[in-house]
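Structural features, examined
Residue strings, one per chain:
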Amino acid sequence: MRSLDRLRQSYDEDAQVVIQEKRSPPRMLFSDTEILLEEVPVGTRIVFPNPPIEELANWRAAIRWAINHPEGCDPLHAQLRPGMKVVIAIDDISLPLPPMRTPDVRQIMLEILLPLLADSGVDDVHLLIANALHRRMTEAEMRRMVGTKIFDAYYPDHYTNHDAEEPGGIVELGTTEAGEKVRISRRATEADLVIYLNINFVPMDGGHKSVGTGLTDYLGLRAHHTPHAIRGSKSYMEPRHSELHSSVDRIGRVIDQHVDVFHIETALNNKMFDGPMAFLGKREEDFTDLDRAALAGLRWTLQKTPRALRQSVFHKVPAAYGLIACAAGRTELAHEKILQACRRQLFVKVRGQADILIAGIPYISPYNVNSILNPLLVQVMACGYFFNMNRGTPLVKRGGTLILTHPCMDEFDPVQHPSYIEFFHRLLPETRDAMELHRKYEREFAQNPSYVHLYRKGNAYHGAHPFYMWYWGENGRQHLGQIIAVGTENTHVPELMGWERADTLAEAIDMARGRQGRSAEITLMHHPPMVMTDVALAADEGARQLPEQGGASASKPGIAAKEEP
């Protein structure tokens, strides 16, 4: 029988929160491309994702309705005139994760937009992938995103990747009131209309971040892709608590004064698994005998399969995401409607913080699609994304312990991540201090001619990108007192990161209890699919937490960035 405390806790929290009991099943945890099945201590709080919101019955009708009933401006057809120059900017392959089944929602938006433009006499149209300092998408990836018909009609001259290093390709529009430089693609500034096609996979996507971040260059990103901005953010997933978003919003408002931008924003549900893999999206309590057999078979197969093949197979399995909302029009008005849909899908209410947080790190991040999750990206997922999957209050207490499961292999993709290799093996042995790395080495990597060439002509992330990945984990590192990696296949990778290691989850929990106390409260985030938490604190806890955590008003990274070399 459950104790009164357990019953009260279950009642107070969301239905997606389960307390582990003696008869509860073991829990699935991703560890790169393997799936662990782990017993966790009785009393552990398990936070499951919300079930997928039912997708809209007619995606095309929803998109047409949005562009004909936009927020804060005339319908799109009323803004078009013959002879206009139009740039359609498109989110890159970094979202959604994994890539969605075809037709991609971006293809569907284009199949509605392009005939509308043609019927209005607009035939000077350029499709521009807003990849900023991310790698260029490959020809095959570009074709898959928009479909063969559109690809053949526009590629290569009128369907391209944004090039942040193209000589003369960036225009500086001015500065914000905080001193941030506002720099975007010349192609966008010379267009009569920019239409931005956005996917909001998480609440940090979309809005002013689309144009101001996706179509800028290294000097433009220096306003907010800094340790200062990250330390000033309570969470990246709640814009009002993010100094990064405050900076992006200031920049975006300047852009909107100079460039006519019409946003089409979409939100997806979290239906990552279906068909034979549908059991991966279930609670273990809900497994049928067939599900348990499927899990056992999948785990056996993965254990017998070489890692490279496992990675290839997982990257080729698309997700069955469905469209749940679409809004269009002016930046902030359209974005707020989409944020509401994202929050409904992703956030789970929980009561109180944990002393120990457990997270399984899967094989994919926004920065390794069709590639390896290298050590810097494991760090991004652990200290950057999973730590920040909240609305402003971390799920783990200040000074708490994060336990992650991942082999932490010392492997890097030399095509996608060449600058990561030097960053990890040359710089981290010298210092893990994000401020020092920013000050001493960031510009050297950003201006390295070899890295610039590989970014422009190959499919490599920009030379500055590994620095951003390290900064991304900064508020997690500042907040946490201990990080333990479970099942690592070496000792030097976690050591370089400043982490401890354990062979098993049980060993890691004992280590964490040695630091946090034998009565430490444990929470396990059961993802994927995506799940985020809305943490409610008692009044006295909130009073203790808020002054320590900083916040959007605590710093001005735009001004701070100007003072950096």
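Structure first, text after, so check above.
Residues numbered from 1 in each chain as written. Predicted model: local features only at pLDDT ≥ 70, side-chain atom pairs only at ≥ 80, totals over all residues. Heavy atoms only, no water.

1. Side note on the pairing of strand S16 (residues 482-486)
- Across the five residues that make up S16, a large majority, five, are buried.
- Side chains Gln482, Ile484 and Val486 of S16 all project onto a buried face; the interleaved residues Ile483 and Ala485 project onto the opposite face, where all are buried too.
- When strand S15 (residues 396-405) meets S16, the two strands line up parallel, connected through five bridges. Pairing of Leu402 across the sheet is with Ile483, part of S16. (Buried < 20%, exposed > 50% of the residue type's maximum accessible area, 1.4 Å probe, protein only. Helix = DSSP H or I, 4+ residues; strand = E, 2+ residues; numbered from the N terminus. Pairing = 2+ DSSP bridges.)

2. Section: the nonpolar core
- Within the largest apolar cluster, 135 residues are counted, with the highest numbers of intra-cluster contacts made by Ile88, Leu127, Tyr159, Ile195, Ile264 and Tyr385.
- Here this core takes nine residues from helix H15 (residues 375-386), the largest share from any one element.
- Here Tyr159 is in contact with Ile90, His126, Leu127, Ile129, Met142, Met145, Val146, Phe151 and Tyr154, once residues within four sequence places are set aside. (Core = buried A, V, L, I, M, F, W, Y, C linked by side-chain atoms within 4.5 Å. Contact = heavy atoms within 4.5 Å.)

3. Re the layout of surface pockets
- In this structure, the largest pocket encloses a volume near 390 Å³.
- When contributions to the lining of the largest pocket are tallied by element, the ones reaching two or more residues are helix H5 (139-146), strand S7 (159-161), helix H7 (186-189) and helix H19 (449-457).
- Among the elements that line the lining of the largest pocket, the one with the most residues is S7, at three residues.
- Residues of the lining of the largest pocket, tallied by class, amount to six nonpolar, eight polar and eight charged. (1 Å grid on protein atoms, 1.4 Å probe; cavity = no way out; pocket = protein on both sides within 12 Å on 5 of 7 lines; lining within 4 Å. Points joined across faces, edges and corners; volume = space filled by probe spheres on them. Nonpolar A, V, L, I, M, F, W, Y, C, P; charged D, E, K, R; others polar.)

4. Observations concerning the environment of Leu116
- In this fold, Leu116 is placed in helix H4 (residues 105-119).
- As a C-alpha pair, Leu116 and Asp256 span 140 residues in sequence and 23 Å in three-dimensional space.
- With near-sequence residues (within four places) excluded, Leu116 lies in contact with Ile67, Leu76, His77 and Leu80.

5. Some words on empty space enclosed by the protein
- The tally for this structure, following the rule as stated, stands at four cavities of 30 Å³ or more.
- As for the largest cavity, its lining consists of 43 residues, of which Ser94, Leu95, Pro366, Tyr367 and Tyr385 are closest to the centre.
- Elements with a minimum of two residues in the lining of the largest cavity: strand S10 (193-200), helix H8 (209-214), H15 and helix H20 (465-472).
- Per-class residue counts for the lining of the largest cavity are 27 nonpolar, twelve polar and four charged.
- Size it by volume and the second largest cavity reaches roughly 60 Å³.
- Around the second largest cavity, the lining residues are Met28, Leu29, Phe30, Ile35, Leu280, His526, His527 and Pro528.
- Residue contributions to the lining of the second largest cavity peak at three residues, all from strand S2 (residues 27-32).

6. Looking at helix H23 (residues 505-516)
- Helix length check: H23 (twelve residues) gives 16 Å between terminal C-alpha atoms against 16 Å at 1.5 Å per residue, within 8%.
- Turning to H23, its buried residues number three or more, namely Leu505, Ala508, Ile509, Ala512 and Arg513. The buried residues of H23 all sit within an arc of 135° when viewed along its axis, so they share a single face.
- Backbone geometry just after H23 places Gly517 at a positive phi near 105°. (Expected span 1.5 Å × (residues − 1). Arc of directions from axis to C-beta.)

7. A closer look at the sheet that holds strand S12 (residues 323-329)
- Reading across the sheet, the six strands line up as S7-S6-S5-S10-S11-S12 and stay open at both edges, with mixed pairing between neighbours. Two strands lie at the open edges of the sheet, namely S7 and S12, each paired on one side alone. The sheet shows a mean angle of 20° between the axes of neighbouring strands, taken without regard to direction.
- In this structure, S10 lies alongside strand S11 (residues 261-268), joined through seven bridges in parallel fashion. Among the inter-strand pairings, Tyr196 is bridged to a residue of S11, identified as His263.
- Contacts from helix H2 (residues 59-68) reach S11 and S12 within the one sheet, and its direction differs from that of S12 by about 20°. (Axes fitted to C-alpha atoms, helices over the stretch in contact; angles between N-to-C directions.)

8. Some points on the packing of aromatic side chains
- Across all of its chains, the model carries 18 aromatic pairs by this definition.
- Ring geometry for Phe151 against Tyr155: centres 4.5 Å apart, planes inclined by 15°, an arrangement best described as stacked.
- With a centroid separation of 6.2 Å and an interplanar angle of 85°, the aromatic rings of Phe151 and Tyr159 are classed as edge-to-face.
- Judged by its relative accessible area of 3%, Phe151 falls in the buried class.
- An aromatic cluster of at least three residues, connected via ring pairs, comprises Tyr236, Tyr367, Tyr385, Tyr420, Tyr461 and Trp472.
- Directly above the aromatic system of Phe347 lies the positively charged group of Arg391, at a separation of 5.4 Å from the ring centroid.
- Seen from the ring of Trp470, Arg477 lies directly overhead, with NZ or CZ sitting 4.1 Å from the centre. (Phe/Tyr/Trp six-rings, centres within 6.5 Å; stacked < 30°, edge-to-face > 60°. Lys NZ or Arg CZ within 6 Å of the ring centre and 35° of its normal.)

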